[in-house]
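Chain by chain, the residues:
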Amino acid sequence: MFWVQVMKGFFERAAASKCSSKSLTDTSSRCPPSVSSDPGSSTIRSDSPACEKKAIHIRHNGWTAAVKKAVAIGSMRRLQERVLGSSRTGVSSSTSDIWLLGVCYKISQDESLGDADSSNGLAAFEQDFSSRILMTYRKGFNAIGDSKYTSDVGWGCMLRSSQMLVAQVLLFHRLGRSWRKPLQKSLDREYIEILHFFGDSEASPFSINNLLQAGNAYDLAAGSWVGPYAMCRTWETLARFIREATDLEDQPLPMAVYVVSGDEDGERGGAPVLCIEDASRHCLEFSRGQVSWTPILLLVPLVLGLDKINPRYIPSLQATFMFPQSLGIVGGKPGASTYIVGVQDEKAFFLDPHDVQPVVSVSSDNQEADTSSYHCNIIRHIPLDSIDPSLAIGFYCRDKDDFDDFCCRASNLANKSNGAPLFTVAQKHNLSKTSSHPESSVSTDGIRKEDSFAVVAMSDAEGHSHEDEWQLL
């Protein structure tokens, strides 16, 4: 009942602030769509002629029928392949090292290592991969708010991908990076409680229900896709409310959340700047002035190209998985977000939220619970150069020393980027811009064309235009 009371207060507060927050999204750079909450709705309506060209018509007898059929057979695999492309499974014959969220697995066939060591490295990688928490589409939960949605099939992949990233940071914080899912019960109490936090009801603090409420200022709504930037800001908003509404010792996300953005809150061009003073301020606010530093979750939304990722950024993206603070990438292809957790050569290993599973309820004290639907033994990978240029990278720093180590690694990476850094590190804000992302285009009115507040209604994944790919993640 505790979280029901807390989140009820959140809903009331969100509703009261809806009108005032609307000014954040009604900018000249985009035309907010009016999205029906009815799953059968066939059109995004817009009062602006400039937006009519971008209205996406849903083929009622095509997309909706296909989704219903996929749900009926319990699988979205064929749909996923139409959207993501035919991703491959398993680990290839490559002998290159695999990096999985900051951990290196040796697959080399070096004679000095021996075949046994190589096999052990592969087995250890597979165990680590299958221990990562998986969030997928669910069906059969109570209707979200005033809508008729009892499933997030076809529109919730970005929310699920971001849930996976936050679930991993909770695992790392509470159980450590070396934790692996036990083969036998009873399960770790902390692990079970983490899963409970992501249940599909208002009573679970990190449910899609509460994320949608927290994203009101970004026009998040059931049945709509959302971009990585708005998703990061949504987590920041939800974490802030929960921090203010609960005692410090009862925080479900016991860390500061810092969205590392570019100039003017991410609305104009420029590589994002991680400001050390800002990170310190976030920690101080989270602890309510009690300590100068706390664990911190860093979210870095990026736009690294227009219709495809600029290859200049791929080496840096690969290198981020070598950071011990790595939490991976929320990204994928247009309209099909995934959670990328590792790399090998030019491949990206990912967890896929597009399978449809029945809703489950994991009680926070049930250490005998069946948690098999929260893990995946199938290792899927896609080419790194095929992922959408709009994405978000996550990092977790346990303490000040860990944060200092991260800043050192990030600065070195930026210095080696040949003028194309993912982001930069500075002690304090500098009004002069030293680097930029040329792909973050700026229109004649000076507004950055990216996904900051982009939300589009569910549409045919096969037939939609790729004109605004970065808006559909």
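Everything numeric here is computed off the predicted structure, so don't read it as measured data.

Observations regarding the side chain of Ser204
Position of Ser204 relative to the elements: it lies in the loop between helix H7 (189-197) and helix H8 (208-214). Look at Ser204 and you get buried, because its relative accessible area is 4%.

So, the packing of helix H6 (residues 157-175) against H7
For the pair H6 and H7, the least separation of the axes is 10 Å and the interaxial angle reads 155°. As the angle between them shows, H6 and H7 are arranged roughly antiparallel. Both H6 and H7 take part in a crossing whose hand is right-handed. Here Ala167, Leu170, Leu171, Arg174 and Leu175 of H6 come into contact with H7, specifically with Arg189, Glu190, Tyr191, Glu193, Ile194 and Phe197.

A closer look at the pairing of strand E6 (residues 256-259)
Here E6 shows two buried faces, one formed by Ala256 and Tyr258 and the other by Val257 and Val259. Bridge analysis of E6 against strand E8 (residues 296-303) gives four bridges, and the strand direction is parallel. Bridged to Ala256 within E8 is Ile296.

Details of the confidence of the model for the protein chain
Per-residue confidence for the protein chain gives a mean pLDDT of 78; residues scoring 70 or more make up 67%. Under a pLDDT of 50 for its full length, residues 20-83 has, in the predicted model, 97 contacts with residues more than four places off or in other chains. A low-confidence stretch, residues 438-473 stays under pLDDT 50, and its non-local contacts, those more than four residues away or across chains, total 118 contacts.

Concerning empty space enclosed by the protein
Here the structure, examined in full by the defined rule, presents six cavities of 30 Å³ or more. By volume, the largest cavity is sized at about 90 Å³. Taken together, Met158, Ser162, Leu165, Val166, Pro228, Met231, Cys232, Trp235, Leu299, Val330, Ala392 and Ile393 make up the lining of the largest cavity. Elements with a minimum of two residues in the lining of the largest cavity: H6, helix H9 (228-245) and strand E14 (390-397). Within the lining of the largest cavity, the residues separate by chemical class into 11 nonpolar, one polar and no charged.

Re the packing of aromatic side chains
Enumeration over the complete set of coordinates arrives at 14 aromatic pairs. Directly above the ring of Trp293 sits Lys400, whose terminal nitrogen or CZ lies 5.4 Å from the centroid.

Concerning the environment of Phe321
Mapping Phe321 onto the fold places it in the loop between helix H12 (314-320) and strand E9 (326-333). Residue Phe321 is classed as buried on the basis of its relative accessible area of 1%. It is 6.0 Å that separates the C-alpha atoms of Phe321 and Trp99, two residues lying 222 residues apart in sequence. When near neighbours in sequence (up to four residues on either side) are disregarded, Phe321 contacts Trp99, Leu101, Gly102, Val103, Ser326, Gly328, Ile329, Ile340, Val341, Gly342 and Val343.

Brief notes about the pattern of salt bridges
For the structure shown, the criterion picks out 14 salt bridges. For the salt bridge of Arg180 with Asp128, the shortest nitrogen-to-oxygen distance reads 3.4 Å. With a gap of 52 residues between them, Arg180 in the loop between H6 and H7 and Asp128 in helix H5 (residues 114-131) connect regions that are remote in the sequence. Of the charged contacts in the structure, one is a salt bridge between Arg281 and Asp278, with a shortest N-O distance of 3.5 Å. Residue Arg281 and its partner Asp278 are both found in helix H11 (residues 276-286); the two are separated by three residues, about one turn of the helix. Members of the salt-bridge network, linked through shared partners, are Asp128, Arg132, Arg177 and Arg180.

Here's the deal with unusual backbone geometry
Across the junction of Lys185 and Ser186, the peptide omega takes the value 15°, indicating a cis bond. Within the secondary structure, Ser186 sits in the loop between H6 and H7. Despite not being glycine, Leu101 has its phi angle at roughly 45°, a positive value. Structurally, the position occupied by Leu101 is in the loop between strand E2 (98-100) and strand E3 (103-105). One non-glycine residue with positive phi stands out, namely Arg288, at about 60°.

Some points on the environment of Cys275
On the secondary structure map, Cys275 appears in strand E7 (residues 273-275). Considering only alpha carbons, one finds Cys275 and Gln427, 152 residues apart in sequence, at a separation of 5.5 Å. Excluding residues within four positions of it along the chain, Cys275 makes contact with Tyr258, Ala426, Gln427, Lys428 and His429.

Quick look at the nonpolar core
Ranked by internal contacts, the top residues of the largest apolar core, which has 74 residues, are Val169, Phe198, Phe206, Trp235 and Leu253. Of the residues forming this core, the biggest block, 11 residues, is contributed by H6. Ignoring any residue separated from it by four or fewer positions in sequence, one finds Leu253 in contact with Val166, Val169, Leu170, Phe206, Ala239 and Phe286. The next biggest cluster of nonpolar side chains, apart from the first, holds 43 residues, and it includes Ile382, Cys407, Ala410 and Leu413.

Rules used throughout
Residues numbered from 1 in each chain as written. Predicted model: local features only at pLDDT ≥ 70, side-chain atom pairs only at ≥ 80, totals over all residues. Heavy atoms only, no water. Helix = DSSP H or I, 4+ residues; strand = E, 2+ residues; numbered from the N terminus. Buried < 20%, exposed > 50% of the residue type's maximum accessible area, 1.4 Å probe, protein only. Axes fitted to C-alpha atoms, helices over the stretch in contact; angles between N-to-C directions. Parallel < 35°, antiparallel > 145°, perpendicular 65-115°, else oblique. Left-handed = near helix turned anticlockwise from the far one by under 90°. Contact = heavy atoms within 4.5 Å. Pairing = 2+ DSSP bridges. pLDDT = per-residue confidence, 0-100. 1 Å grid on protein atoms, 1.4 Å probe; cavity = no way out; pocket = protein on both sides within 12 Å on 5 of 7 lines; lining within 4 Å. Points joined across faces, edges and corners; volume = space filled by probe spheres on them. Nonpolar A, V, L, I, M, F, W, Y, C, P; charged D, E, K, R; others polar. Phe/Tyr/Trp six-rings, centres within 6.5 Å; stacked < 30°, edge-to-face > 60°. Lys NZ or Arg CZ within 6 Å of the ring centre and 35° of its normal. Salt bridge = Lys/Arg side-chain N within 4 Å of Asp/Glu carboxyl O. Core = buried A, V, L, I, M, F, W, Y, C linked by side-chain atoms within 4.5 Å.

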